[in-house]
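Each chain, written out:
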There are 2 protein chains.
Amino acid sequence: MIEKRNTIRMEQAREILCNQVTHLPTRKMRIGEALNHVLQEPIFAPFSAPYFRRSGYDGFAITELDDQNYPITLRVVAEVPCGETYNKPLKQGETIRIMTGAKVPDNASKIIMLEQSKETNNPNEIMLINTQKSSNITEVGAEFAKGDLLLDRGHLLNAGSISLLAAFGVNEVQVIQNPKVAILSTGSELVAAGNPLPDGKIYNSNQPLLESLLHIHHAEVCVAEQLPDNYLDTKNRLLELTNIADIIVTTGGVSVGDFDFIADIATQEAELLFNKIQMRPGSPTTGMWLNNTLIIALSGNPGACFTGFYLLVEPVLAVLMGKGETATKKVQAKMATDYTKNNGYDRFLRGIYHLSETGEYLVEPVGSDMSSALGNLHLTTCLLKIPRGKIGKRKGEEVEAWLLSSK
Amino acid sequence: MIEKRNTIRMEQAREILCNQVTHLPTRKMRIGEALNHVLQEPIFAPFSAPYFRRSGYDGFAITELDDQNYPITLRVVAEVPCGETYNKPLKQGETIRIMTGAKVPDNASKIIMLEQSKETNNPNEIMLINTQKSSNITEVGAEFAKGDLLLDRGHLLNAGSISLLAAFGVNEVQVIQNPKVAILSTGSELVAAGNPLPDGKIYNSNQPLLESLLHIHHAEVCVAEQLPDNYLDTKNRLLELTNIADIIVTTGGVSVGDFDFIADIATQEAELLFNKIQMRPGSPTTGMWLNNTLIIALSGNPGACFTGFYLLVEPVLAVLMGKGETATKKVQAKMATDYTKNNGYDRFLRGIYHLSETGEYLVEPVGSDMSSALGNLHLTTCLLKIPRGKIGKRKGEEVEAWLLSSK
């Protein structure tokens with residue numbers, strides 16, 4: 001009646017899942033959409049920056065010949081606002097009124113700041129009172145030469161990189177697609193929030209949880225739906241979803257009960273990767289490969305679903321996105337309190353952390369450690385691992401912890 | 001020719017801006033949309049959780065009278081999957097097959113796990129081999145009593161809180177609206193990426209920068225456009241935008257030059273808050289109040305725009321969103337290198353940080369400190385403050401730093 005499952009450790013399950021996938025295909029994307037995508041081509045400067053001699057101040061451009069014996073009075077031959085040009089050579093005795101950021105004539109040697117100027121009675125003249133050592137001109141290529149590497153392949157595009165691309169007129173880049181993820185919550189007991197709740201049923205909290213977590217991690221939720229416990233319907237829908245989604249995350253139905261159809265599908269229809277992890281919560285978490293699509297089947301318990309997302313789904317998202325590292329950062333931490341329960345399996349507790357004055361991450365469990373607990377997910381800022389055994393961990397002992405990204 | 005401006009410090013400018021605004025109006029929002037919004041009502045549990053006695057395992061529910069002299073053989077009177085109920089009292093000698101999460105009959109005292117059962121020759125009977133101390137039943141209200149505070153007013157909704165709301169069937173909540181921000185880049189020299197670049201003009205990098213930064217900080221960019229330098233057009237467009245946006249962020253045109261029309265509008269049309277900050281980059285950054293709308297007018301230099309966003313715009317967004325703190329976290333840090341330039345003004349350098357083994361934030365400048373520099377924004381993970389003066393800061397000295405949120 002009870003099937004015997006092979007148990008692996010969380011770390012193995014994570015590695016197996018990550019090894020199943022590689023980064024998704026690349027595509028051209030406009031930079032306005034490309035934030036939080038990984039660049040899949042190196043970007044070289046298409047021109048020098050600045051590509052013209054740029055005035056650092058509002059002021060007056062002068063030739064080297066005039067740059068002496070201050071105060072000097074020069075003839076103002078043009079006004080050059082930002083974005084316009086004066087394309088004649090500047091003669092001795094001439095100056096142009098020039099704005100910050102405007103192109104400086106080739107043979108101008110210095111910009112005298114506006115603050116060092118004084119109007120004369122002649123509206124076509126200006127008196128320049130004093131000079132400075134600095135030319136106040138940014139020379140061509142001062143920041144980048146044409147051909148310089150701006151951003152390398154593998155770079156995760158942030159606000160600064162988007163602006164750098166824009167500054168060089170690069171409007172489209174080749175990036176790795178962010179994953180399309182289908183969420184399928186299974187369970188005849190599930191009712192969507194906003195509907196009446198018949199006796200014995202519960203509201204579906206895992207689906208909004210996963211939608212939010214996927215959104216936070218820049219995955220696209222292409223489908224989010226729930227199904228009653230039914231083998232055939234579930235199998236058929238999963239097969240359909242394999243044609244839509246890059247990966248599928250399911251909740252529920254992975255245990256050994258009579259209605260755990262995801263578990264049955266994993267062994268009967270799919271290529272099973274694992275269906276028992278030496279971890280709490282979430283020991284029946286299942287990995288499978290169906291119709292060329294990876295399915296990560298999480299336990300339906302909210303705590304297990306939350307923990308499973310961070311430990312098992314997020315690393316896969318990172319691989320799919322071509323990221324070198326997960327957003328969830330693993331650290332060595334110290335217990336801020338005792339946790340001395342007997343653990344048959346490695347236990348991954350929802351916890352909170354803070355940084356001590358001496359640079360240690362102090363972690364402690366938050367709220368209930370029951371896998372069915374709902375009331376601590378929103379307080380959780382880290383997961384911490386209590387290895388299996390009778391001892392647990394005492395205050396001050398080292399533990400592994402994962403700092404969660406929640407923004 | 002040169003107007004004299006009153007100079008205030010960055011910290012004052014920031015305080016002035018934040019004091020101009022309060023949080024935006026609240027509105028009902030479906031929980032699927034409410035992530036990263038601040039709750040504006042306390043949410044109390046509408047029912048206990050669990051609201052029925054819940055089976056913790058797949059197994060067999062038995063009465064207290066049968067819970068002795070194992071092994072025992074009982075008559076299986078029903079099968080109760082998750083989400084269904086068995087509403088008759090259980091009699092002595094009877095058991096129901098029950099699934100994890102299903103409702104346990106009122107007078108059942110224990111769930112015997114499936115692993116402790118054995119089929120008999122009679123398909124209507126089951127032999128239960130052994131018992132456990134635990135009832136394996138989660139009692140009504142074990143996690144929350146009806147009326148318990150689930151989430152308080154002021155809570156910033158994260159994935160866990162969305163799932164908690166869903167679990168209680170709460171489908172809509174009263175939240176503070178996230179701000180609608182209009183971006184107006186001014187400058188006749190600006191060309192949008194993707195277009196040819198006439199001599200003397202530059203690509204507009206500030207607009208994509210601000211769009212990305214606003215997106216990261218969960219503000220809605222309601223308008224993003226650029227305008228040539230023209231007083232009347234700029235004034236008219238700003239007035240229109242005051243009817244659309246909660247705040248307006250402009251770039252460029254704030255200096256003292258002949259084409260700095262934002263500066264003129266600030267003094268001639270608007271209620272000027274400040275137009276000179278004792279900071280580099282971004283000293284001409286201007287705050288004004290136009291037609292009941294706050295305008296933060298940043299310098300057009302990329303470095304100034306970036307720095308100004310984090311130090312002056314993000315705090316205002318946090319107030320508008322009803323957040324108790326900014327996403328940009330201020331810390332005391334130590335210089336990892338010397339920076340000994342003479343600073344006429346407080347200088348806010350783009351930098352990188354790491355956490356030392358002894359828990360100190362070590363910071364150092366990254367790339368060029370020129371306000372026109374573009375090539376370090378994507379590398380910047382913090383801003384650090386070098387106070388005005390001739391000395392700068394030496395390696396090991398304390399500085400204020402702001403750790404940037406970039407996700």
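An unreviewed UniProt entry lists chain A under the name Molybdopterin molybdenumtransferase, with Listeria immobilis as the source organism. Here chain A is described in UniProt, under the heading Function (unreviewed entry), as follows: "Catalyzes the insertion of molybdate into adenylated molybdopterin with the concomitant release of AMP."

**Student:** Let's hear about the interface of chain A and chain B: which residues, and what values?
**Tutor:** Listed as interface residues are 78 residues of chain A and, on the opposing side, 78 residues of chain B. Overall, the association of chain A and chain B removes approximately 6400 Å² of surface from exposure, summing both partners, and the carbon and sulfur fraction of that is 64%. At the boundary of chain A with chain B, the tally comes to four salt bridges. With its nearest N and O atoms 3.0 Å apart, the salt bridge here joins arginine 97 of chain B to aspartate 258 of chain A. For the pair chain A and chain B, the number of links is 20 residue pairs in polar contact (both at pLDDT 80 or more). For the side of chain A that touches chain B, the secondary-structure elements that each account for two or more residues are strand E8 (117–119), strand E11 (149–151), helix H2 (159–167), strand E15 (202–203) and helix H3 (206–216) of chain A. Ranked by residues supplied to the side of chain A that touches chain B, first place goes to H2 of chain A with eight residues.

**Student:** Provide a residue-level description of the sheet that holds strand E9 (residues 125–128) of chain A, including the pertinent values.
**Tutor:** Residues and elements named next belong to chain A. Ordered by their spatial adjacency, six strands build an open sheet running E7-E4-E6-E5-E9-E8, and the pairing between neighbours is mixed. With one partner strand each, in any of the chains shown, strand E7 (110–113) and E8 form the two edges of the open sheet. Adjacent strand axes in the sheet meet at a mean angle of 40°, parallel and antiparallel pairs treated alike. Here four bridges tie strand E4 (residues 59–62) to E7, and the two strands are oriented antiparallel to one another.

**Student:** Break down the side chain of serine 299 of chain A for me, citing the residues and quoting the values.
**Tutor:** All names here are of chain A. The topology assignment puts serine 299 in the loop between strand E21 (293–298) and helix H6 (302–320). Residue classification places serine 299 among the buried positions, given a relative accessible area of 8%. From its side chain, serine 299 meets the backbone nitrogen of asparagine 301 in a polar contact 3.2 Å long. In this structure, serine 299 is in contact with Asn206, Thr251, Gly252, Val254, Gly282, Thr285, Ala304 and Cys305, ignoring residues within four places of it in sequence.

**Student:** Any chance you could break down the relation of the copies chain A and chain B for me, citing the residues and the numbers?
**Tutor:** The operation relating chain A to chain B is a screw motion whose rotation component is 180°, with 0.0 Å of axial translation and a residual RMSD of 0.1 Å. Overall, the copies show the geometry of a two-fold rotation axis. It is glycine 359 of chain A whose C-alpha, among those of chain A, lies nearest the rotation axis, at 1.5 Å. By residue overlap, the copies meet face to face through one surface: 100% of the interface positions of chain A are interface positions in chain B.

**Student:** Got a sec to walk through helix H1 (residues 10–20) of chain A? Specific residues and values, please.
**Tutor:** Along an α-helix, residues three or four positions apart point the same way, because every turn accommodates 3.6 residues. Residues and elements named next belong to chain A. Looking only at H1, the buried set comprises Met10, Ala13, Arg14, Leu17 and Cys18. Taken end-on, H1 shows its buried residues confined to a sector of 130°, consistent with a single buried face. Within H1, the exposed residues directed more than 90 degrees away from the buried face are Glu15 and Asn19.

**Student:** I'd love a proper account of the packing of aromatic side chains, names of residues and values included.
**Tutor:** Scanning all chains against the criterion turns up 22 aromatic pairs over all chains. When the ring of tyrosine 231 of chain A is compared with that of phenylalanine 261 of chain A, the centres are 6.2 Å apart and the planes differ by 90°; the resulting orientation is edge-to-face. In this pair, tyrosine 231 of chain A is assigned in helix H4 (residues 231–242) and phenylalanine 261 of chain A in helix H5 (residues 261–268), connecting sequence segments 30 residues apart. Considered together, tyrosine 231 of chain A and phenylalanine 261 of chain A belong to a single accessibility category, that of buried residues. Ring plane angle 90° and centroid distance 5.5 Å describe the contact between phenylalanine 309 of chain B and tyrosine 310 of chain B, whose orientation is recorded as edge-to-face. Each member of the pair phenylalanine 309 of chain B and tyrosine 310 of chain B is classed as buried. Site record: aromatic cluster; members linked through ring pairs are Phe47, Tyr51, Phe52, Phe144 and Phe168 of chain A together with Tyr203 of chain B. Residue placement shows arginine 97 of chain A over the ring face of phenylalanine 60 of chain A; its charged tip is 5.6 Å from the ring centre.

**Student:** Summarise H6 of chain A; cite the residues concerned and give the values.
**Tutor:** All names here are of chain A. Of all bends in H6, the biggest is about 45°, found at phenylalanine 309. Summarising burial for H6: 18 of the 19 residues are buried, a large majority. In the segment just after H6, glycine 322 is the residue with positive phi, at about 75°.

**Student:** Lay out the confidence of the model for chain A with the relevant residues and their values.
**Tutor:** When pLDDT is averaged along chain A, the result is 95; 99% of the residues meet or exceed 70. Taken over the whole predicted complex, pTM reads 0.95, whereas the ipTM for its chain interfaces reads 0.95.

**Student:** Tell me about the pattern of salt bridges, and name the residues and values.
**Tutor:** Evaluated as defined, the whole model comprises 32 salt bridges over all chains. With its nearest N and O atoms 3.0 Å apart, the salt bridge here joins arginine 53 of chain A to glutamate 139 of chain A. Here arginine 53 of chain A, found in the loop between strand E2 (43–44) and strand E3 (54–55), pairs with glutamate 139 of chain A, found in the loop between strand E10 (137–138) and E11; they are 86 residues apart in sequence, far enough to count as distant. Judged by relative accessible area, which is 14%, arginine 53 of chain A ranks as buried. Aspartate 199 of chain B is paired through a salt bridge with lysine 103 of chain A; the nearest N and O atoms lie 2.5 Å apart. Of this pair, aspartate 199 of chain B sits in the loop between strand E14 (190–191) and strand E15 (202–203) while lysine 103 of chain A sits in the loop between strand E6 (94–98) and E7, placing the two residues on different chains. With a relative accessible area of 37%, aspartate 199 of chain B lands in the partly exposed category. Owing to a relative accessible area of 16%, lysine 103 of chain A belongs among the buried residues under this scheme. Connected through shared salt-bridge partners, Arg9, Glu11, Asp346 and Lys385 of chain A make up one network.

Calculation notes
- Residues numbered from 1 in each chain as written.
- Chains lettered and ligands numbered in written order.
- Predicted model: local features only at pLDDT ≥ 70, side-chain atom pairs only at ≥ 80, totals over all residues.
- Heavy atoms only, no water.
- UniProt positions renumbered as here; feature names shortened; annotations may be inferred.
- Contact = heavy atoms within 4.5 Å.
- Buried area = accessible area lost by both parts, 1.4 Å probe.
- Salt bridge = Lys/Arg side-chain N within 4 Å of Asp/Glu carboxyl O.
- Polar contact = N/O pair within 3.5 Å; in protein donor to acceptor, adjacent residues only side chain to side chain.
- Helix = DSSP H or I, 4+ residues; strand = E, 2+ residues; numbered from the N terminus.
- Pairing = 2+ DSSP bridges.
- Axes fitted to C-alpha atoms, helices over the stretch in contact; angles between N-to-C directions.
- Buried < 20%, exposed > 50% of the residue type's maximum accessible area, 1.4 Å probe, protein only.
- Least-squares fit on C-alpha atoms with pLDDT ≥ 70 in both.
- Arc of directions from axis to C-beta.
- Phe/Tyr/Trp six-rings, centres within 6.5 Å; stacked < 30°, edge-to-face > 60°.
- Lys NZ or Arg CZ within 6 Å of the ring centre and 35° of its normal.
- Bend = angle between axes of the 7 residues up to and from the residue.
- pLDDT = per-residue confidence, 0-100.

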